[in-house]
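# Commentary on secondary and tertiary structure
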Amino acid sequence: MTGRLEGKVAVVTGGCSGIGLATVRRFGQEGARVVIGDLDEVAGPKVADEVGGTFVRCDVTDAGDVETLFRTAKDTWGSVDVAFNNAGISPPEDDSILTTDLDAWRKVQEVNLTSVYLCCKAALPYMLEQKRGSIINTASFVAVMGAATSQISYTASKGGVLSMSRELGVQFAREGVRVNALCPGPVNTPLLQELFAKDPERAARRLVHIPTGRFAEPEEIANAVLFLASDESSFITASSFLVDGGISGAYVTPV
């Protein structure tokens, strides 16, 4: 343990799998007290025990649940220093705008965008009172690029996360609170593995556009979250922090 988050309290949504789980473990290794918000009542307590933290069952689209999550962090551990608002979905029914119906659109917007609004709204009062805090919202590289293999609501939701994070980062910059949008490229998570299983051709089209020639591992994204959460990034706010293997910088990929 190197203690880069020693003494800090971190709330992580979607902390039972993928990027969220890798980040919970990384935060724990660095000395943070981690409060996990997730719907998984089987894995959640086990993950919390693993890192010496706390699990709260939380529907991130429910304002009451979200308020309880952050209040639990404050009441249990004494502060709210880091909020990694990471929960999100990418269902197969979210596709081209020509085929995606309104229900699918609304579901993705609620989980991916409204939840970030609710989490920021709940975390900020604690951080403003403390005059310190770091909020990291999970956006995506698709928020800064167009894609022919569209997931229209997912892309729009992540664009919203990007814009909201930028605005909050500017608004609260002089109050000691930093807000940044993390923009991962494709990551080797259960979500992506499911896409490969259901539509290998569509998934394979993604890999060819990555200059590094591979998907990220969740632990690599967790390292970026750790940097944004720690005091090492103290002059970084309102940023779009791309961790995408070079996708957004590529005109063509190397042969």
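For clarity, every value in this text was computed on a predicted model and none was experimentally measured.

Ranked by internal contacts, the top residues of the largest apolar core, which has 33 residues, are F70 and I135. Looking at this core, the elements that each hand over two or more residues are strand 1 (9-13), helix 3 (63-77), helix 4 (102-130), helix 5 (152-171) and strand 6 (177-184). A per-element tally of this core places helix 4 first, with nine residues. What I135 contacts, discounting residues up to four positions off in sequence, is A83, N85, C120, L124, M127, V177, R178, V179 and N180. Within the second largest apolar cluster, 26 residues are counted, among which are I19, V51, I221 and L226.

Moving on, we get to the sheet that holds strand 3 (residues 54-57). Strands belonging to one sheet form pairs held by backbone hydrogen bonds; the direction of such a pair is parallel or antiparallel. Judged by pairing direction, the sheet is parallel, and its seven strands sit side by side in the order 3-2-1-4-5-6-7 without closing on themselves. The open sheet has two edge strands with one neighbour each: strand 3 and strand 7 (240-243). Each neighbouring strand pair of the sheet contributes to a mean axis angle of 20 degrees, computed without reference to strand direction. Bridging between strand 1 and strand 4 (residues 82-85) involves three bridges; their strand directions are parallel. Bridge pairing in strand 4 links V11 to A83.

This part is about the confidence of the model for the protein chain. For the protein chain, the average pLDDT comes to 94, and 97% of its residues sit at 70 or higher. Per-element confidence in the protein chain is highest for strand 4, whose mean pLDDT is 99, and lowest for helix 6 (residues 190-198), whose mean pLDDT is 69.

Calculation criteria
- Residues numbered from 1 in each chain as written.
- Predicted model: local features only at pLDDT ≥ 70, side-chain atom pairs only at ≥ 80, totals over all residues.
- Heavy atoms only, no water.
- Core = buried A, V, L, I, M, F, W, Y, C linked by side-chain atoms within 4.5 Å.
- Buried < 20%, exposed > 50% of the residue type's maximum accessible area, 1.4 Å probe, protein only.
- Helix = DSSP H or I, 4+ residues; strand = E, 2+ residues; numbered from the N terminus.
- Contact = heavy atoms within 4.5 Å.
- Pairing = 2+ DSSP bridges.
- Axes fitted to C-alpha atoms, helices over the stretch in contact; angles between N-to-C directions.
- pLDDT = per-residue confidence, 0-100.

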